[in-house]
Amino acid sequence: MAEVKIPAKPRTEFGKGAARRARLADRVPGVVYGHGAEPLHVTLPAYDLLMALKTPNVLLRLEVEGGKSELVIPKAVQRHPIKIGILEHVDLLLVSKGEKVTVEVPINTEGDLAPGANLLEHVLNSLPVETEATHIPEGVTISIAGLEAGDTIYAKDITLPKGTTLAVEDDAPVLHVVAPQAEAPAEEAEGEGEGAEG
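As the structure is a computational prediction, the values presented were derived from the model and not from experiment.

Honestly, the overall build of the chain in this entry has me stumped. Any pointers?
Across its full length, the chain carries three helices and 13 strands. Here the C-alpha radius of gyration of the chain, 23 Å, is well above what a compact globule of 198 residues would show, namely 16 Å. Overall size of the chain, expressed as C-alpha extent along the three principal axes, is 80 × 50 × 25 Å. The burial tally for the chain puts 34% of its 198 residues in the buried class. Of the contacts formed within the chain by residues at least 6 apart in sequence, a portion of 65% connects residues at least 24 apart. A total of about 11,800 Å² of accessible surface is found on the chain, and carbon and sulfur atoms cover 51% of it. Distance between charge centroids for the chain: 19 Å, based on 18 positive and 31 negative side chains.

How should the sheet that holds strand β7 (residues 100-110) be read in this particular structure?
Hydrogen bonds between backbone groups are what pair the strands of a sheet, and the pairing can be parallel or antiparallel. On the basis of which strands lie adjacent, the open sheet formed by four strands has the order β10-β7-β9-β12 and mixed pairing. If you trace the sheet from one side to the other, it starts and ends with β10 (140-143) and β12 (165-166), each paired once. Pairing between β7 and β10: four bridges, direction parallel. Opposite E110, over in β10, you have S143 as the bridge partner.

Is there a simple way to explain the nonpolar core in this structure?
The tendency in soluble globular proteins is for nonpolar side chains to be buried side by side. Core analysis: the largest hydrophobic core is formed by 24 residues, its most contacted members being I73, L127 and V174. Once you skip the residues sitting within four places of it in the chain, L127 turns out to touch V103, E104, V105, I107, V140, A155, I158, L160, L166, V168 and V174. Within the second largest apolar cluster, 20 residues are counted, among which are I6, V58, V64 and V90.

What is the right way to read the pattern of salt bridges from this model?
In a structure, side chains of opposite charge can pair up when their charged atoms sit close to one another. Overall, the coordinates contain three salt bridges when judged by the stated rule. The salt bridge partner of R61 is E3, with a shortest N-O separation of 3.1 Å. Of this pair, R61 sits in strand β4 (residues 59-64) while E3 sits in strand β1 (residues 3-10), and the two are 58 residues apart along the sequence. Given a relative accessible area of 18%, R61 falls into the buried group. Among the residues examined, E3 registers a relative accessible area of 31% and is labelled partly exposed.

Can you help me understand the side chain of N57 in this one?
The topology assignment puts N57 in the loop between α2 (46-52) and β4. On the basis of relative accessibility, which here comes to 13%, the residue N57 falls in the buried class. Separated by 2.9 Å, the side chain of N57 and the backbone oxygen of E104 make a polar contact.

Is there a simple way to explain helix α1 (residues 16-24) in this structure?
An α-helix turns once every 3.6 residues. As a result, residues three or four positions apart point the same way. Turning to α1, its buried residues number three or more, namely A18, A19 and A22. Down the axis of α1, the smallest arc covering the buried residues is 100°, so these residues share one side. Facing away from the buried side of α1 by more than 90 degrees, the exposed set consists of K16, R20 and L24. On its buried face, α1 is in contact with β2 (27-34) and β3 (37-45). With its phi angle positive at about 60°, D26 sits one or two positions after the end of α1.

Explanation requested: the packing of aromatic side chains in the structure shown.
Two numbers describe a pair of aromatic rings. These are the distance of the centres and the angle of the planes. One pass over the full model with this rule turns up zero aromatic pairs. Here K156 stacks its cationic end above the ring of Y154, 5.9 Å away from the centre of that ring.

So what exactly am I meant to see when it comes to the sheet that holds β4 here?
Reading around the barrel, the six strands line up as β1-β3-β2-β6-β5-β4 and close back on themselves, with mixed pairing between neighbours. Here the average twist between neighbouring strands, direction ignored, is 45°. When β1 meets β4, the two strands line up parallel, connected through six bridges. When the bridges of β4 are listed, K5 appears paired with R61. Packed onto the sheet, α1 meets β2, β3 and β6 (87-94) and runs at close to 120° relative to β2.

Criteria and cut-off values
- Residues numbered from 1 in each chain as written.
- Predicted model: local features only at pLDDT ≥ 70, side-chain atom pairs only at ≥ 80, totals over all residues.
- Heavy atoms only, no water.
- Helix = DSSP H or I, 4+ residues; strand = E, 2+ residues; numbered from the N terminus.
- Rg over C-alpha atoms; globule rule 2.2 N^0.38 Å.
- Buried < 20%, exposed > 50% of the residue type's maximum accessible area, 1.4 Å probe, protein only.
- Contact = heavy atoms within 4.5 Å.
- Areas by Shrake-Rupley, 256 points an atom, 1.4 Å probe, with all protein chains shown as cover.
- Lys, Arg positive; Asp, Glu negative; His and termini not counted.
- Charge placed at Lys NZ, Arg CZ, Asp CG, Glu CD.
- Pairing = 2+ DSSP bridges.
- Core = buried A, V, L, I, M, F, W, Y, C linked by side-chain atoms within 4.5 Å.
- Salt bridge = Lys/Arg side-chain N within 4 Å of Asp/Glu carboxyl O.
- Polar contact = N/O pair within 3.5 Å; in protein donor to acceptor, adjacent residues only side chain to side chain.
- Arc of directions from axis to C-beta.
- Phe/Tyr/Trp six-rings, centres within 6.5 Å; stacked < 30°, edge-to-face > 60°.
- Lys NZ or Arg CZ within 6 Å of the ring centre and 35° of its normal.
- Axes fitted to C-alpha atoms, helices over the stretch in contact; angles between N-to-C directions.

Shown next, in the form of structure tokens:
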């Protein structure tokens, strides 16, 4: 995964007022922590950060004002509860090349279920894995071709990229195929009964 460079400014003001001023200046307050170092409080350009976060587990190269350069991954992102595309705060975890980190990667599916009106249930929306910080996979792809009602795909069934291991139990269900619920005919029958009475 390529690094995305983002300029960062050290932050000396704290509290809601300072955070509001930062956001008015199109900057997102954040904190960088990890490796036993003192947390580094920064502000980041809002648009650049928003674009970078479109990639899950993006690897960021923070170019901190004053000459410091840090390699980080997003650990927690607070978004505005109503306004789409507005970031409130970001927690960034320091990483180094070769270091292993535990992250959640998106699960993608390919293929079609066996004929019928069966439904695919995502038991997990993302897969917890341990992987090198600088080689985090963008996701895992699972073939659902031909799966029928009752079929389940477990974590151990998923092919992981080289250097990546599961950070969840092998027998954790990930996807499950369920038969459609047969509720519609019962409702129709009730409707007919009501009509007969009137």
